[in-house]
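The residues making up each chain are set out below.
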Amino acid sequence: SLFSDGVITYHESGGSASPSASASPTPSPSSSPSAGPGGSILIAGDATYTTQTQVTLTVSSAGMPPALIHRAEEGRLEEISLPRTPLGTLDYPYPQLTVSLSTGDTGLLMTDGLPGLVSASGEPFGYARLEQAFSGSAAGHPDEIVQGLAGSAAQWSGGGAPNDDITLLVLRVL
């Protein structure tokens, strides 16, 4: 199953399932990951229902930054980094990694537009600032997290147009 239009579809592993994950796209005319100036990008994942309180997320990366998972129970941020060869550039076996998510965990999948966003002085937003902003808002509703990150981006860039696409996908295990 692929992430599509802000919804995670998943497969039951047994028993009766109810939705246990939600996602929120970046507010834009199109909620699907978009192509930047250099071509297409792909963010894909598979969320699988395993118990009443846990799902698994399988991620792969085709040139995208690491996925970030905020672990609600421990209050810590986890980075999921995989080799990042852009899709279609090489005959490359894109590795996958499956992680367990628990109730309250929040994930962030993104393009490199936000960490690469430059200020008026030319300084990139960077991953440390992104991780801090995400950690500080990870307990909020996915829409609030996206709005908060978008606000941080607008403030950082002085309200100017971004130098690259910014696509964010926030997911929360309910």
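Only a predicted model underlies this, so the values are computations on that prediction, with no experimental measurement involved. Per chain, residues are indexed from 1 in the order of the written sequence. With the structure being a predicted model, the display of local features is reserved for residues of pLDDT at least 70 and the display and counting of side-chain atom pairs for 80 or more, all residues being used for whole-chain, interface and lining totals. Side-chain numbers here rest on the full set of heavy atoms in the structure, without hydrogens or water.

## A closer look at the pairing of strand β5 (residues 76-80)
Point 1. Pairing between two strands is assigned when DSSP locates at least 2 bridges connecting them. Helix and strand definitions follow DSSP, with helices as H or I runs of at least four residues and strands as E runs of at least two, each counted in order from the N terminus. Pairing of strand β4 (residues 67-71) with β5 involves five bridges; the strand directions are antiparallel. Along β5, the bridge assignment pairs L68 with E79.

## Looking at the pattern of salt bridges
Point 1. Each salt bridge in this description consists of a side-chain nitrogen of Lys or Arg and a carboxyl oxygen of Asp or Glu lying within 4 Å of one another. Inspection of every chain in the model, using the stated rule, returns four salt bridges.
Point 2. With its nearest N and O atoms 3.8 Å apart, the salt bridge here joins R129 to E123.

## A look at the packing of helix α1 (residues 127-137) against helix α2 (residues 142-156)
Point 1. Lines fitted to C-alpha atoms define the axes here, with helix axes fitted over just the stretch in contact, and angles between the N-to-C directions of these axes take values from 0 to 180 degrees. Where α1 contacts α2, the two axes come as close as 9 Å, and the packing angle between them is 145°. In this structure, the crossing between α1 and α2 has a hand that is right-handed. Residues R129, L130, A133, F134 and S137 of α1 lie in contact with α2, whose contacting residues are I145, L149, S152 and W156.
Point 2. Three classes are used, and their members are as follows: Ala, Val, Leu, Ile, Met, Phe, Trp, Tyr, Cys and Pro are nonpolar, Asp, Glu, Lys and Arg are charged, and the others, Gly among them, are polar. Looking at the contact of α1 with α2 residue by residue, the classes come out as six nonpolar, two polar and one charged. Crossing handedness is defined as follows: a turn of the near helix away from the far one that is anticlockwise and smaller than a right angle gives a left-handed crossing, while the clockwise case is right-handed. Here a residue-residue contact requires only that any non-hydrogen atoms of the pair lie within 4.5 Å.

## Looking at the nonpolar core
Here is a general trend for soluble globular proteins: nonpolar side chains tend to be buried in one another's company.
Point 1. Buried residues of nine kinds, namely Ala, Val, Leu, Ile, Met, Phe, Trp, Tyr and Cys, make up a nonpolar core once their side-chain atoms join them within 4.5 Å. Using a 1.4 Å probe on the protein chains alone, a residue whose accessible area is under 20% of its type maximum counts as buried, one over 50% counts as exposed, and one in between counts as partly exposed. Among the nonpolar cores identified, the biggest contains 16 residues, and L108, L114, L130, L149 and L168 are the most heavily contacted of them.
Point 2. For this core, the secondary-structure elements that each account for two or more residues are β7 (106-110), α1, α2 and β8 (168-173).
Point 3. Here this core gets five residues from one element, more than from any other, and that element is α2.
Point 4. Among all residues touching L114, those that are not within four sequence positions of it are F125, L130, L149, A153, I166 and L168.
Point 5. Counting 13 residues, the second largest nonpolar core, distinct from the first, contains V55, V59, A67 and L82.

## Some thoughts on the environment of L82
Point 1. Relative to the assigned elements, L82 resides in the loop between β5 and β6 (97-102).
Point 2. As a C-alpha pair, L82 and S61 span 21 residues in sequence and 6.3 Å in three-dimensional space.

## Comments concerning α2
Point 1. The end-to-end C-alpha distance of α2 is 21 Å, a good match for the 21 Å that 15 residues give at a rise of 1.5 Å each.
Point 2. Within α2, the full set of buried residues consists of P142, I145, V146, L149, A153 and W156. Axial view of α2: buried residues confined to an arc of 100°, hence all on one face. α2 presents E144 and Q155 as exposed residues on the side facing more than 90 degrees away from its buried surface. A helix is expected to span 1.5 Å for every residue after the first. In this description, the arc belongs to the directions extending from the helix axis to the C-beta atoms.

## Side note on the pairing of β7
Point 1. In terms of burial, β7 is largely enclosed, as five of its five residues are buried.
Point 2. The pairing of β4 with β7 spans three bridges and is antiparallel. Bridge pairing links H70 to T106 in β7.
Point 3. Where β7 and β8 come together, five bridges link them in antiparallel fashion.

## With respect to the confidence of the model for the protein
Point 1. Scored from 0 to 100, pLDDT records how confident the predictor is in each individual residue. When pLDDT is averaged along the protein, the result is 73; 68% of the residues meet or exceed 70.
Point 2. Counting contacts from residues 1-45, a segment whose pLDDT is below 50, to residues more than four positions away or on other chains yields 102 contacts.

## Focus on the packing of aromatic side chains
Point 1. Here a Phe, Tyr or Trp ring, Trp counted by its six-membered ring, pairs with any other such ring whose centre lies within 6.5 Å, and the pair is stacked when the planes are under 30 degrees apart, edge-to-face when over 60, and tilted otherwise. Applying the stated rule across the entire model yields one aromatic pair.
Point 2. On the numbers, 5.9 Å between centres and 85° between planes, the contact of F125 with W156 is edge-to-face. Highlighted residues: F125 in the loop between β7 and α1 and W156 in helix α2, separated in sequence by 31 residues.
Point 3. According to the relative accessible area criterion, F125 is buried, its value standing at 3%.

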